[in-house]
Amino acid sequence: MQTPVDIKPAMHCYACEPARLKVVDFPNPRVWSAMDEDWKLPKNWKEIVMDAFKDRLDRFRTFKLFMDICVRCGACADKCHFFIGSADPKNMPVLRAELIRSVYRRNFTAAGKVFGKLAGARDLDYGVLKEWWYYLYQCSECRRCSVFCPYGIDTADITIIGREFTNLLGLNIDWIAAPVAFCYRTGNHLGIQPHAYKSMLEFFQDEIEEVTGVRVEPSYNRKGAEILFITPSGDVFADPGTYTCMGYMILFHELGLDVTWSTYASEGGNFGLFTSHEMMKRLNAKMYMEAKRLGVKWILGGECGHMWRVINQYMATMNYDIAEGSKLEEPVSPLTGTKFESAKGTKMVHITEFTADLIKHNKLKLDPKRNDKVKVTFHDSCNPARAMGLLEEPRYVIKNVCNHFYEMPSTTIREQTFCCGGGSGLNAGEDVELRMRGGLPRANAVKFVHDKYGVNMLSCICAIDRAVLPDLMKYWVPEAGVCGVHELVANAMVLEGEKEKTVDLRNEPLAETEDAEDV
Ligand code: SF4
Ligand code: SF4
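Here is what the cut-offs are and how they apply
- Residue indices follow the written sequence of each chain, beginning from 1 at its first position.
- Labels are handed out in written order, letters beginning with A for the chains and numbers beginning with 1 for the ligands.
- In view of the model being predicted, local features appear only for residues whose pLDDT reaches at least 70, and side-chain atom pairs are presented and counted only at 80 or more, with totals across whole chains, interfaces and linings using the full set of residues.
- Side-chain figures throughout are based on the complete set of non-hydrogen atoms in the structure, without hydrogens or water.
- Think of it this way: a Phe, Tyr or Trp ring, Trp meaning its six-membered ring, pairs with another when their centres are within 6.5 Å, and the plane angle makes it stacked under 30 degrees, edge-to-face over 60, tilted otherwise.
- Here a strand is any run of E in DSSP of at least two residues, a helix any run of H or I of at least four, and the numbering for each starts at the N terminus.
- Each residue's exposure class comes from its accessible area (1.4 Å probe, protein chains only) as a fraction of the maximum for that residue type: buried when under 20%, exposed when over 50%, partly exposed otherwise.
- Here, two residues are considered to be in contact whenever any of their heavy atoms come within 4.5 Å of each other.
- Near, as used in this document, describes a residue that has one of its heavy atoms within 4 Å of the molecule or strand being considered.
- Using a 1 Å grid laid over the protein atoms alone, points where a 1.4 Å probe fits but cannot get out form a cavity; open sets with protein on both sides within 12 Å along at least 5 of 7 lines form a pocket; any residue with an atom within 4 Å of a point counts as lining.
- Each molecule is checked against the cavity or pocket grid, and it sits inside if more than half of its atoms lie within 2 Å of the grid points.
- All amino acids are sorted into three groups, where Ala, Val, Leu, Ile, Met, Phe, Trp, Tyr, Cys and Pro are nonpolar, Asp, Glu, Lys and Arg are charged, and the leftover types, Gly among them, are polar.
- Grid points are joined across faces, edges and corners, and a volume is the space filled by probe spheres set on the points.
- Patch definition: residues above 30% relative accessible area lacking any salt bridge, with like charges linked at up to 9 Å and the nonpolar side chains Val, Leu, Ile, Met, Phe, Trp and Tyr linked at up to 5 Å.
- Here the open area of atoms and residues is found with the Shrake-Rupley method and a 1.4 Å probe, where only the protein chains shown may cover a residue.
- One speaks of a salt bridge when a side-chain nitrogen belonging to Lys or Arg is within 4 Å of a carboxyl oxygen belonging to Asp or Glu.
- What a helix is expected to span follows from its residue count: subtract one and scale by 1.5 Å.
- Here a strand pair is declared whenever DSSP counts at least two bridges between the two strands.

Peer 1: Please explain the packing of aromatic side chains as it appears in this structure.
Peer 2: The geometry of an aromatic ring pair is captured by the separation of the ring centres together with the interplanar angle, meaning the angle of the planes. Per the stated rule, a full pass over the model turns up 24 aromatic pairs. Relative to Tyr126, the ring of Trp45 has its centre 6.0 Å away and its plane inclined at 65 degrees; by these criteria the two rings are edge-to-face. Linking Trp45 in helix H2 (residues 45–59) with Tyr126 in helix H7 (residues 126–136), this pair joins segments that are 81 residues apart in sequence. Overall, the relative accessible area of 9% leaves Trp45 in the buried class. Look at Tyr126 and you get partly exposed, because its relative accessible area is 29%. Considering the side-chain rings of Phe229 and Tyr248, the 4.9 Å spacing of their centres and the 65 degrees angle between planes classify their relative orientation as edge-to-face. A residue pair is termed long-range when its members are at least 10 positions apart, and Phe229 in strand S1 (residues 227–230) and Tyr248 in helix H13 (residues 241–255) qualify at 19 residues.

Peer 1: How should I be thinking about the environment of Ala343 in this particular structure?
Peer 2: Checked against the element boundaries, Ala343 lands in the loop between helix H16 (315–318) and strand S4 (348–350). Judged by relative accessible area, Ala343 falls into the buried class, the value being 3%. Not counting residues within four places of it along the chain, the set of residues in contact with Ala343 comprises Pro331, Met348 and Val349.

Peer 1: Would you explain the site of ligand 1 in this entry?
Peer 2: Near ligand 1 you find Cys70, Val71, Arg72, Cys73, Gly74, Ala75, Cys76, Val94, Cys149, Pro150, Tyr151 and Ile153, and these make up its full shell. Among the detected pockets, ligand 1 sits in the second largest cavity. A breakdown of the residues in the shell around ligand 1 according to their chemical character gives ten nonpolar, one polar and one charged.

Peer 1: I would appreciate a short explanation of the layout of surface pockets in the present structure.
Peer 2: Think of a ball as big as a water molecule: rolled over the atoms, this probe shows where empty space is left. Put simply, the largest pocket is a space of about 360 Å³. Lining of the largest pocket is provided by 23 residues; of these, Trp175, His189, Leu190, Gly234 and Ala467 occupy positions nearest its centre. Among the residues forming the lining of the largest pocket, the class breakdown is twelve nonpolar, seven polar and four charged. Its boundaries defined by the atoms lining it, the second largest pocket holds a volume of some 240 Å³. When the residues that make up the lining of the second largest pocket are grouped by side-chain class, the tally is seven nonpolar, two polar and six charged.

Peer 1: Help me understand a nonpolar patch on the surface, please; the structure alone is not making it clear to me.
Peer 2: On the surface, Val114, Phe115 and Leu118 cluster together to form a nonpolar patch covering roughly 390 Å² of accessible area. Looking at where Phe115 falls in the secondary structure, it is placed in helix H6 (residues 110–115).

Peer 1: I would appreciate a short explanation of helix H10 (residues 174–186) in the present structure.
Peer 2: Residues three or four positions apart in an α-helix share a direction because the helix packs 3.6 residues into each turn. For H10, with 13 residues, the first-to-last C-alpha span of 17 Å sits near the 18 Å given by 1.5 Å per residue. Every buried residue of H10 is listed here: Asp174, Ile176, Ala177, Ala178, Pro179, Val180, Ala181 and Cys183. Where the residues of H10 are buried, they touch helix H1 (18–23), helix H9 (155–168) and helix H14 (277–294). Once H10 finishes, Gly187 follows within two positions and takes phi at roughly 100 degrees, a positive value.

Peer 1: Looking at this structure, how should I read the pairing of strand S3 (residues 298–301)?
Peer 2: Each regular strand displays side chains that alternate between the two surfaces of the sheet. Of the two faces of S3, the one lined by Trp298 and Leu300 and the one lined by Ile299 and Gly301 are each fully buried. The pairing of S3 with S4 spans three bridges and is parallel. From the neighbouring strand, Leu300 faces S4, where its bridge partner is Val349.

Listed below in C-alpha cells is the structure:
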C-alpha cells in the first residue's frame, strides 16, 4: 500500500476526449492524459469525492457492508485474472478494495480517525487518487473473486462505486465515455445512424442468400410487432459477431417470427454500468421506451454480457415502472407456448433460453454434421454466468447443433469462469498488455482443451467477448477461432427451400465438402 503507483503504458486505457463528456453533461471535460503529472482536477476535488463517498455509503448498504466486513483472509487473493496475469499485488481483489477501504477508514471510522496508519487508514491525496484510477480501470468487474469470498464481498461493486468517484472528477476512459455518448445520442455504442444500421442488415441479407439460397426479410421499427429484438451493435458491425447476427436473422425467418428490429434502440449493451448508476438507468430506459412506442408484447435479447447483468440485477429497482402504459407482458414463446417466468419482471428473454426451448420442443430442423469441422468449447461470459446463472441453456443449444463439444477444466467455467480480459470497457487497443495478461487464465484453459481434444473453436454469448477473444486467441492459442452460439445454430439449421449448402456463414467450406475433396 505504501508503494507509489507506477502508471505504465499499455496497462491502461486512454483518457476520454472532452466532447464525449459534454454530450452527457458529465463533469470536468478537458484534454488530459494519465501519463501527465497534472490531471487538471477541479480545485475542490477532495470535497467532491468525500461528499460522494458519504452519499454512496448512505445509499448502498452493500457498499457500506463491503467497507466494513473484510477480514483479510486472502481467499480472493489469487482468484483475479489480472493478478494471475500481472503478478501485481494491487490487483489482488482484497488489495484493490483496500485502496478505497483505507480512505474509508480514515474518514468514516473512529479507529481510522484516531489511529490512522495503525488502523490501516490513509488520507486521500493526489497519489492515492491516481492509484485508484489505475487499479479501478484494471478491474473488469467480472465478480469471480466474490465466488470465493466467505463473506460474499463483491469487489466489482466496490469498483463500480469507485469509478463513480472518478467520473465525478472527469477521470474516465475514452473506450467507456465514447460508447456512452454515442449510445445516448444515436442509440448504440458505435454511433451508427439508422440508415447505416439498416444497410448492414441488408448486406447480411445478401450474404445469407448467397450461402443458403434463402432470402430473409427483417422488418424495422414496425409498430404492432409481437416482439422487439435488441442485440449489441457489435454483432451488427464487427466480425465475428456479424455471423452471429446472420444467425439471428436466419432463425427468425425460418420460424416466421413476428419480430422487429429497432434502428433507434439499436444497442443491448449498456456502458452506463461502467460510469454511474444514473447513466446506466438513462441508457437502459431507451429499450423500454422503444418497446412502448412500437407496442410490442415482449423483448428478445441477443447474445450480450453486461446488458443481461443490467437487466437481471438492476431493472427490478432501477426502471421498475418504465413498462407502465405499454403493451409489454410476461413473455410467451409463440412457437411452443412456453412462459418465460424468469422474465416476468423484465419482459426480456435471452435468446439462448428462447432457442433452447425451441430445440426441446423439436421446432428446429438441425443437422449438426454441418458443424463437424469445429471442435467447440464454451466460454461462460462473466455476466450471463455469474449475474444471471445462464449456464445450461447455451450448452444445451451447442450440444444439439454440434457433434464435438468439450468442456474446459471445471475451475475455469460456469460460476468460476475467467474473464476475457477486456470486460467493463477495457477492450481498447492501447491497453493490449493488460488484456493479454488478464486474458491469460482463460487462454490457458483453451490451450488445455486444444492440446487434449483438438478444440479449434471458442464459442461465447457476449459481444465484448467476440471482440476481445480473437486477439487473445491469436496471441496465446492461434489455432482457436471465436464464434457466437447462434452462428453455430444457423450453420446447423436445415432451411425450407435452401439450396445445396457447400459453405458456412463465413463462406468457408463445410466439413463434408472438405472430406469429399480429400477423397
Ligand atoms: S475473501 Fe473476502 S474476506 Fe477474504 S480477503 Fe477477500 S474480500 Fe476479504
Ligand atoms: S471483479 Fe474480477 S477483475 Fe475485479 S478484482 Fe474481482 S476478479 Fe479481479
